[in-house]
Amino acid sequence: MAAWLVRRLAASIAIVWAVVTLTFVIVHLAHGSPCGQSDGRPVAPETCAALIRRFGLDRPIGIQYVKYLGALLRGDLGESLALHRPVADALAEALPNTFTLTLTALVIDFALGLALGVYQAARERRFGDIALGNAALFVNSMPTFWLGLVLLLLLAQWLRLFPVGGLRDLVLCPRMDSLPCLADFAWHLTLPALTLGLVGAAGTARYQRAALLEVVRQDFVRTARAKGLPERRVLLVHALRNALLPLVTLFGLTFPFLLTGAVLVETVFAWPGMGRLAVTAILQRDYPVVTAAALIASVMVVLGNLLADVLYGVADPRIRVRAT
Amino acid sequence: MTEPLLRVRDLKTYFVTEHGSGTARAVDGVSFDLYPGETLGLVGESGCGKTVTSLSVLRLIPEPPGHIRPGSFIEFAGRNLLTLAPRELRAIRGNQIAMIFQEPMTSLNPVFTVGDQIAEAAIVHQRLSRRAARARAIEMLKLVGIPDPAQRVDHYPHQMSGGMRQRVMIAMALVCHPKVLIADEPTTALDVTIQAQILELLERLQAELGMAVMLITHDLGVVAGSADRVVVMYAGQVVEQAPTPDLFARPLHPYTVGLLASVPRLDAPSRARARLHGIPGQVPAASDWPGGCRFHPRCPYAWDRCREEEPPLLDASTGEPGSHTVRCWLLTEPQRRTGRPGS
Amino acid sequence: MSVWNWLAVGGAAVLALVAVAEIRRRTGTGSSGRRFFRHPSAAPALFVLAFFVTVALAAPLVTPYRPYVQIDITRLANHAPSTQFPLGTDPFGRDVWSRLVYGARISLGIGALAMLVAVTTGVVVGGVAGYFRRWVDATLMRLVDVGLAMPRVFMLLMVVALWDHVPLTVLVLLIGLTGWFGTSRLVRAEVLSVREREFVAAARALGAEPARVILRHVLPNAAAPIIVSAALGIGNVMLLEAGLSFLGLGVPSPAPSWGNMIADGWPKMAVAWWASTFPGLAISLVVMALNAVGDALRDALDPRKETA
Ligand SMILES: Nc1ncnc2c1ncn2[C@@H]1O[C@H](COP(=O)(O)OP(=O)(O)O)[C@@H](O)[C@H]1O
Ligand SMILES: [Mg+2]
């Protein structure tokens, strides 16, 4: 187990290193342009020279690369061009919001997806299964941000059940320190998390249904029925426990999906997270912020996959025992 | 004579296959009785419908594609299992009628300990507490001859050998002391030495617990030592049925004769023991049974009548009427048997 | 919208229906075709795709306006759906239906072309990795690991912003070049397994060029999963394009891509819901159809089910 974990960690670190190198190349390419033919906005020569000096672009590229790596290792993600502050600070502010959003969405995704998938598998090819299957396919095919817009229009603007965006009511709750303010925060969180979670849940349901139907055909399910167990127990205990194993793999795949969705959903709901930060930065060509966000997102995906692998080992007794 | 515990009459279980090859008549009019405390052997080559017959008894046929045809009748302790409400049926499954399967490797749930899986039926049917059920599971593991039962109870199936797992399956089936045990090829997937141990175990447990056993196998040799009566199946039908000594002394259906010829001799060298082919050809697909007598394409004695007309079960008993029945036209023209086969 | 436009739309629907019926008649005799159409949603999904393709090709016939025309910005902006404007007009006074139809050309075109780029790259990279093995394989597959670790949107965001206005061709290339990682893994695995089989050794012994032998045997074997993943991939690309366009980083603005249309209508969503809703519905419908076709293809082409 330990040796496997070390190997797995080494591979993850190598991937992150490759992503870092890629971001370096991109930043380099991007900073090559502001002095040159950046059409539209002409850049004053002194600004250009200042930029070049500031980013050490006059040094040999090898040195720049080493310095870049060194800075990253110290947690220095560079200086934002538009915000005039360290990128690390801006990200540190945005990340908790993104985490809250994606983790809430993850819970909705898996809880709802699991329930729907099990229900559909239990009613295989009957009306409930087919209707829900088509509905899930449709939701799963929507652009996430568009679903956000529709929910925003229906629930926030027309029915006024939810706020139209933002993190919290800044007038009533300048700081989040009381129970009503926490409730206000949850109220603001509901629509974006629901948007992200619903699209994910539709995919999870499809996956879970297939996994469960696969398990239901196996011999040990027949054994469980032969024991005289109620169908509910056969399905929810014997079959589901086995069908949850592939779900752990799905967990690893869900991370990139949620982060991708967060970029757009945060924009739609003015949710001050990493995705919105990156989008705003992009529109201002604020490269240090954009690449840092991409880097963080990749690290999260790599960690998510690592976590999924470890979870798989814990969840499956066949692996668990062999590994110890 | 006593009343039968399980009475199966004209059982028909068909599968509707999707890819156009039509309906598979896997079990097509099977009747037999199982008496309290006896061992009944159900014998036939692979694909004859033995498993489907046994699954039908507990209504474990996957539906769709399968279904038990109306007109079939399965009576257990005076009640028709085919019309029973799901709830009452569950009260019988695993409690009064239990079953063990051919594949010990895949028939146990990989994510639960064997103890939990044995205890489960006791918890559901006898309302035992978890603690009492665990004690019962250990007791059962000891009963089926697993060493260190107190440790083994917490093991997962993959930590055990095939023979061990089959013992666990047996423990699981017997935890509620059922009246009937259906054992579907319990030894086919196991090594020869383990096979003998498992059969011995079954025999001992039957004597101790006094249940009726339906022992399914493709090997008449397995049946010879343990069964009181034998039902021979071919192509979804019963082709011969007799008390074991009678069947071995006086096999009447050419199929039974062929099966007997392929019983491995225990004194033969082990390589030759593997499988001797007494019957040419193979069991046809269940969607495609031959007309007339279903065995006629493989039968050395077949003549015109066999190709055209399906024989009924004919009584060939020397003792009690109905104790030995055969589905073969040779019974009406016994002189053909002495003649050169195939003429 | 004139009577002629309506008739043309009806004609397109009939044409799509005929096309689907014809496909069904031609393939329905084979076992794959039968398995494909056994999916209850397969035929409707094909119809949706055929309809959008037909309408997109016949855009000038089925639409009353050119997509850029601002009909009368002062009086006809945010006009509700009516017989004249069946899907209403957007905040700039443009006919939503006309833009939707011309947008189908752009959105479907980007989806198909980017997927073509992705599949080609994936096949080439996977083939090269599987053929040369050793360090070539190791290098390429580590590259794939990296590609799969980076969420595609972030990758695209970083690269797309290198341009001030991304030309359409570059956009297609970029989307395609960030979408081949899975395909290459698939093809590589197939090449490696084909290599191991006897007929390759036999053909080699006869002096045949190994690359040609492998190519001839790999493609038919890998075709099924590639086609399935391509069908699902086109939908993914369309969603990606919509997202990028929505952020203002995709198709340059006045062009009527479906993502752009959602973005254009969004600020006035509260008063003119139709301008953003219909393009969103169109994307959802087409992507759903692609997903359904992908699912049906998976079942139809899965060789494991051939014997069942
Ligand atoms: N789920 C099923 N679907 C279709 N056909 C089946 C199914 N189960 C069994 N059959 C058919 O029923 C016939 C008898 O099978 P089975 O009872 O398993 O034979 P045996 O146990 O005697 O080897 C076989 O021809 C098989 O093809
Ligand atoms: Mg069997």
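Residues numbered from 1 in each chain as written. Chains lettered and ligands numbered in written order. Predicted model: local features only at pLDDT ≥ 70, side-chain atom pairs only at ≥ 80, totals over all residues. Heavy atoms only, no water.

So, the overall build of chain C
- Each helix and strand counted, chain C has 13 helices and zero strands in total.
- Tracing chain C from N to C terminus, the helices and strands come up as α-α-α-α-α-α-α-α-α-α-α-α-α.
- Dimensions of chain C along its principal axes, counting C-alpha atoms only, are 75 × 50 × 30 Å.
- Across the 308 residues that make up chain C, the buried fraction comes to 54%.
- Across chain C, contacts joining residues at least 24 apart in sequence account for 70% of those joining residues at least 6 apart.
- Element-wise, carbon and sulfur atoms account for 68% of the exposed surface of chain C, whose accessible area totals about 13,700 Å². (Helix = DSSP H or I, 4+ residues; strand = E, 2+ residues; numbered from the N terminus. Buried < 20%, exposed > 50% of the residue type's maximum accessible area, 1.4 Å probe, protein only. Contact = heavy atoms within 4.5 Å. Areas by Shrake-Rupley, 256 points an atom, 1.4 Å probe, with all protein chains shown as cover.)

Quick look at the confidence of the model for chain A
Residue and element names in this part refer to chain A.
- A residue-level look at chain A finds 90% of positions with pLDDT of 70 or above and a mean pLDDT of 84.
- Within chain A, the element-level pLDDT minimum falls on helix α12 (residues 317–323), averaging 57, and the maximum on helix α8 (residues 219–226), averaging 93.
- Taken together, the stretch residues 36–40 has pLDDT below 50 and engages in three contacts with residues farther than four places along the chain or on a different chain. (pLDDT = per-residue confidence, 0-100.)

Here we look at the pattern of salt bridges
- Taken as a whole and judged by the stated rule, the model has 36 salt bridges over all chains.
- As a salt-bridge pair, A:Arg206 and C:Asp295 come within 3.2 Å of each other at their nearest N and O atoms. Here C:Asp295 lies in helix α13 (residues 273–301) and A:Arg206 lies in helix α7 (residues 179–216), a pairing that spans two chains.
- Judged by relative accessible area, A:Arg206 falls into the partly exposed class, the value being 26%.
- With a closest N to O distance of 2.6 Å, B:Arg294 and B:Asp28 form a salt bridge. With B:Arg294 in the loop between α11 (270–273) and α12 (304–308) and B:Asp28 in strand β2 (residues 23–34), the pair connects residues that are 266 residues apart, well separated along the chain. The burial state of B:Arg294 is the same as that of B:Asp28; both residues are buried. (Salt bridge = Lys/Arg side-chain N within 4 Å of Asp/Glu carboxyl O.)

Overview of the site of ligand 1
All names here are of chain B.
- Looking at ligand 1, the residues that line it are Phe15, Ala26, Glu45, Ser46, Gly47, Cys48, Gly49, Lys50, Thr51, Val52, Pro65 and Ala286.
- For ligand 1, whose unbound accessible area comes to 560 Å², protein coverage reaches 69%.
- Of the residues forming the shell around ligand 1, the biggest block, three residues, is contributed by helix α1 (residues 50–57). (Near = heavy atom within 4 Å.)

Describing helix α10 (residues 254–261) of chain B
- Regarding α10(B), the residues found buried are B:Pro254, B:Tyr255, B:Thr256, B:Gly258 and B:Leu259.
- Close packing links the buried residues of α10(B) with β3 (39–43), α8 (220–226), β10 (229–234), β11 (237–243) and α9 (244–249) of chain B.

Quick notes on the sheet that holds strand β8 (residues 180–184) of chain B
All names here are of chain B.
- Read from one edge of the open sheet, eight strands run β7-β8-β9-β3-β10-β11-β13-β12, paired in mixed fashion. Two strands close off the open sheet at either side, each with one partner strand: β7 (97–100) and β12 (314–315).
- In this structure, β3 lies alongside strand β9 (residues 212–217), joined through five bridges in parallel fashion. Paired with Leu42 across the bridge in β9 is Ile216.
- Here helix α6 (residues 162–174) sits on the sheet and contacts β7 and β8; the angle it forms with β7, its principal contact strand, is near 170°. (Pairing = 2+ DSSP bridges. Axes fitted to C-alpha atoms, helices over the stretch in contact; angles between N-to-C directions.)

A short note on the packing of helix α5 (residues 127–140) of chain A against α7(A)
All names here are of chain A.
- Two elements in contact, α5 and α7, have axes separated by 8 Å at closest approach and are oriented at 135°. With respect to α7, the axis of α5 lies oblique. Crossing of α5 over α7 shows left-handed handedness. Between α5 and α7, the contacting residues are Asp129, Ala136, Leu137, Val139 and Asn140 on the first element and Leu198, Val199, Ala202, Gly203, Arg206 and Arg209 on the second.
- Class assignment for the residues of the contact of α5 with α7 results in six nonpolar, two polar and three charged. (Parallel < 35°, antiparallel > 145°, perpendicular 65-115°, else oblique. Left-handed = near helix turned anticlockwise from the far one by under 90°. Nonpolar A, V, L, I, M, F, W, Y, C, P; charged D, E, K, R; others polar.)

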